[in-house]
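If you want the building blocks of each chain, they are given just below.
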Amino acid sequence: MFPTATRRSTARLKGPEGSPTVVLYAHYDVQPAHASQGWSTDPWTPTLKEDGRIYGRGAADDKSGLVSLIGTLRAFDGKPPCTVRIIVEGMEETESNLEEFVEAHPDLFQCDMFIIADMGNLRVGEPVLTTALRGDVSCTVTVRTLDHPLHSGVYGGPTPDAMMALARLLSSLVDDAGDVAVDGVTGGPWGGEDMTEEDFLAGAELLPGVSLLGTGTIADRLWAKPSINAIGVDTTSIADSSNVIHPVASAKISMRIVPGSDPEAEPTPWSVTSRPTPRGAHRSRCSASRPRRRSWPPRTAPATRPPARR
Ligand SMILES: [Zn+2]
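Reading the values: the criteria
Residues numbered from 1 in each chain as written. Predicted model: local features only at pLDDT ≥ 70, side-chain atom pairs only at ≥ 80, totals over all residues. Helix = DSSP H or I, 4+ residues; strand = E, 2+ residues; numbered from the N terminus. Buried ≥ 20, exposed ≤ 12 C-beta atoms within 10 Å, placed from the backbone. Contact = placed C-beta atoms within 7 Å. pLDDT = per-residue confidence, 0-100. Core = buried A, V, L, I, M, F, W, Y, C linked by C-beta atoms within 7 Å.

- As annotated in an unreviewed UniProt entry, the chain carries the name Succinyl-diaminopimelate desuccinylase and is attributed to Demequina litorisediminis.

With respect to the overall build of the chain
- Looking only at helices and strands, the chain has six helices and 14 strands in total.
- For the chain, the residues scored as buried account for 22% of the 310 residues in total.
- Counting contacts in the chain only where the partners sit at least 6 residues apart, residues at least 24 apart contribute 77% of the total.

Re the confidence of the model for the chain
- Confidence along the chain averages 84 in pLDDT terms, with 85% of residues attaining 70 or more.
- Per-residue pLDDT stays below 50 along residues 3-8; that stretch engages in five contacts with residues further than four places along the chain or on separate chains.

Quick word on the nonpolar core
- The biggest cluster of nonpolar side chains holds 21 residues, and the ones touching the most others in it are Leu-166 and Ala-219.
- Among the elements of the structure, strand E8 (135-144), helix H4 (162-171), helix H6 (218-224) and strand E12 (248-257) are those that each provide at least two residues to this core.
- No other element matches E12, which puts five residues into this core.
- Setting aside anything within four residues of it in sequence, one finds Leu-166 in contact with Val-143, Ala-249 and Ala-251.
- Within the second largest apolar cluster, nine residues are counted, among which are Tyr-25, Ala-26, Ile-87 and Ala-117.

With respect to the environment of Ala-60
- Within the secondary structure, Ala-60 sits in helix H1 (residues 59-75).
- Separated by 61 residues in the primary sequence, Ala-60 and Asn-121 place their C-alpha atoms 9.8 Å from one another.

Right under this line is the structure:
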């Protein structure tokens, strides 16, 4: 385990002479479980629901991954047919130092196969191998229209409102169907297994009357086409609002880019420059993480991080 443990505590099980080496990875840190996330059961009490899944803080990400590794070793009674190394990380959800750890201990990562147990399955009881993930390009855009706030009763009308201007900018990033409208960004059909709309909705839990966005199959939209979201907005809060036109508004934009694309060459909103950063590293104002493609197994299995489940 790292970073709290030393190299000596990295687990290793030696297999038969000449057998391949497999590195297994999972992480033991988890995301917070704020009440505002809409938990319907106590996040501190593992709860088996009718859908057959266990709900609790970090159950899916990534305690289940860790348990799956332990279960695999147990299935082989501690004597796997190959040499196994296990890397368990403790800061994956924050500022991961995995890259530095790999650079410091390259021998630990020399292997024939690297399995990351940090994904999920689409349906209870149906194993899934994830073969690719999208990367992300993010940037913060700020709109300034005025030197200082103005009274809307006196100046409203001809005066450009920063938040309204930002809203128009954001809406221009997708077309009427909801597909990304950034010219030239890489996207295409998904060549692997599809996901049904029913399965997607079971995880995404859209509110009644809310429609899905974009065109193509669900798999195309999740795994082979880009997507854009405004993941944060800074403007005047409703509590602090008054009859005032505010001069500035900002939004953080995240664009998911597809496996095989080059984040440095990929077109981005407003042609901002992207700079690849290690996954989990602190992101600067404009940054990107590389989409990752794995060559095995053949792309016949669904590849996804499961929709967040609570
Ligand atoms: Zn995870």
